[in-house]
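Chain by chain, the residues:
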Amino acid sequence: MRKSDIVVIGSGLAGLVAASTAAGQGKKVTLLAQGAGTLTIAGGIIDILGCLGDGSPANNPIAAIPRLAQEHPYRKIGVETVEEAINYFLKICQEEGYPQIGSCNQIQWIPTAAGTLKPTCIVPRTMDISSLEKTTNRIIVGFKYLKDFYPRLIAQNLAAMPGYGGNYEIVTITPPFGGRDLSNLDIARWLETDEGLKEFAVQLSQKVKRGSLLIMPPVLGTSPDYRILNWLKKNLECYLLETVTIPPAITGLRLRSLLINHVKKLGVKVIEQAVVTGSVIENGRCLAVVTESADRQRSYYAKSFILATGGIYGGGLIANSDQVIEPIFNLPVKTPLERDNWTNQTLFSNREQPFAKIGIAVDQRMRPIDETGTTILSNVCIAGRTLAGYDYCFEKSGNGVAVSSGYKAAMSV
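Residues numbered from 1 in each chain as written. Predicted model: local features only at pLDDT ≥ 70, side-chain atom pairs only at ≥ 80, totals over all residues. Heavy atoms only, no water.

Turning next to the overall build of the chain. A count of helical and extended segments in the chain gives eleven helices and 17 strands. In terms of overall size, the chain behaves like a compact globule, its C-alpha atoms giving a radius of gyration of 22 Å where 413 residues would be expected to give roughly 22 Å. Along the first, second and third principal axes, the C-alpha atoms of the chain reach 70 × 45 × 40 Å. In the chain, buried positions account for 54% of the 413 residues. Total accessible area computed for the chain in this model is approximately 18300 Å², and 49% of it derives from carbon and sulfur atoms. Of the charged side chains in the chain, 42 are positive and 36 negative, and the gap between their average positions amounts to 4 Å. (Helix = DSSP H or I, 4+ residues; strand = E, 2+ residues; numbered from the N terminus. Rg over C-alpha atoms; globule rule 2.2 N^0.38 Å. Buried < 20%, exposed > 50% of the residue type's maximum accessible area, 1.4 Å probe, protein only. Areas by Shrake-Rupley, 256 points an atom, 1.4 Å probe, with all protein chains shown as cover. Lys, Arg positive; Asp, Glu negative; His and termini not counted. Charge placed at Lys NZ, Arg CZ, Asp CG, Glu CD.)

This is the structure we're talking about:
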């Protein structure tokens, strides 16, 4: 029987940070990955806290944490540990050659593909908004046939945004392949070729002046590096700024690649296509988790386990007509008592959605607890979107909680 110190279940942002943290502590870690996870299609930027539950802005996210409800994951993790976790994340990115911009003390307002502004904290250099102050010659770069990116809408909306006001020109690039359904991934892969990058630069150089700011979708390559950004900046003598887009977003793909490479360097054993279906529990402790595949069942034994399988959207929680279940450990899922109270009927309002706060309640060590506050499993910790008590979409805290809870869970086991 092969036994790890820690088995991490889930390879999203929380699971990868947990695996990295634990391996960095000298632990023997196995990471069970069912698939690529939602990180692959997500924005790949770190929102820590954009606003509080009453909708008031959190201009200094870390300072606003003590004002959150006691059930919020950040209150369980603690302010100091949130700061440690974010600094740890920044250190990983620096070591892997993909340094990030920002801190947990200040909001950055990043343009979106709709021309609105998104509050976030940590972004790659391809989203460096400091270039806005360096030029008033701003150009929206679109691509013929590219879906979900509308330069005229972006230009119109950005011109009305604080800090972004001014005139915007529009330039359209024609890639050498057609079709009606091009994605950012198609363009990014084109720019990763020498021929594509040079053709892109030639078309741009014919239409833009030196010193311009080029605002474009996230297409500057799929790898976590700045090769394409730096080459274009040098050869065009322009500033470049990628926007946030709806999924699938290349920035999330880059971040996952970075973290997978990082944990493998640390010796983490990554098991792909591992569908965890159950667990072996004895006297309040988990002995093993069980996976099922086409050929047979496998059991993974460890001293401790970290559950980071996501929420309802990610598949870590399963919503039936009358209840929500956690399928691996059969942990109690904290939900509003009455089904009619699960939703705020006004979808776009200045209020949280109760269903978004459904999840596993935990103690200060991120271990699951029941309705009386009693710890259920002493060697299992919960991380990421599986946690109860926060509406990540409303308050803009999803990846911040993922990084912080993954780090905290790994330090607790």
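Attention now goes to the pairing of strand 10 (residues 239–242). It is a general feature of regular strands that their side chains alternate between the two faces of the sheet. Here strand 9 (residues 213–216) runs beside strand 10; their pairing, made up of four bridges, is parallel. The residue bridging M216 from the neighbouring strand is E242, located in strand 10. (Pairing = 2+ DSSP bridges.)

The rolling of a water-molecule-sized probe over the atoms marks out the regions of remaining empty space. Tallying each qualifying case throughout the model produces one cavity of 30 Å³ or more. Taken together, K147, D148, S183, N184, T245, I246, P247 and P248 form the lining of the largest cavity. Here the lining of the largest cavity is built from residues that sort into three nonpolar, three polar and two charged. (1 Å grid on protein atoms, 1.4 Å probe; cavity = no way out; pocket = protein on both sides within 12 Å on 5 of 7 lines; lining within 4 Å. Points joined across faces, edges and corners; volume = space filled by probe spheres on them. Nonpolar A, V, L, I, M, F, W, Y, C, P; charged D, E, K, R; others polar.)

Here the focus is the pattern of salt bridges. It is possible for side chains bearing opposite charge to pair when their charged atoms get close. All told, the structure shown has ten salt bridges when counted by the stated rule. Between D47 and K118 there is a salt bridge; the shortest N-O distance is 2.6 Å. One end of the pair, D47, is in the loop between strand 2 (29–33) and helix 2 (61–64); the other, K118, is in strand 5 (residues 117–120), and 71 residues separate them in sequence. Judged by relative accessible area, which is 10%, D47 ranks as buried. What makes K118 buried here is its relative accessible area of 17%. When the shortest N-O distance is used, the salt bridge between E96 and K265 registers 2.9 Å. One end of the pair, E96, is in the loop between helix 4 (79–95) and strand 3 (100–101); the other, K265, is in helix 9 (residues 250–265), with 169 residues separating them in the sequence. Judged by its relative accessible area of 18%, E96 is buried. Each of E71, K334, E352 and K357 takes part in a single network of salt bridges with overlapping partners. (Salt bridge = Lys/Arg side-chain N within 4 Å of Asp/Glu carboxyl O.)

Geometric descriptors of this kind do not, in isolation, establish any biological role.
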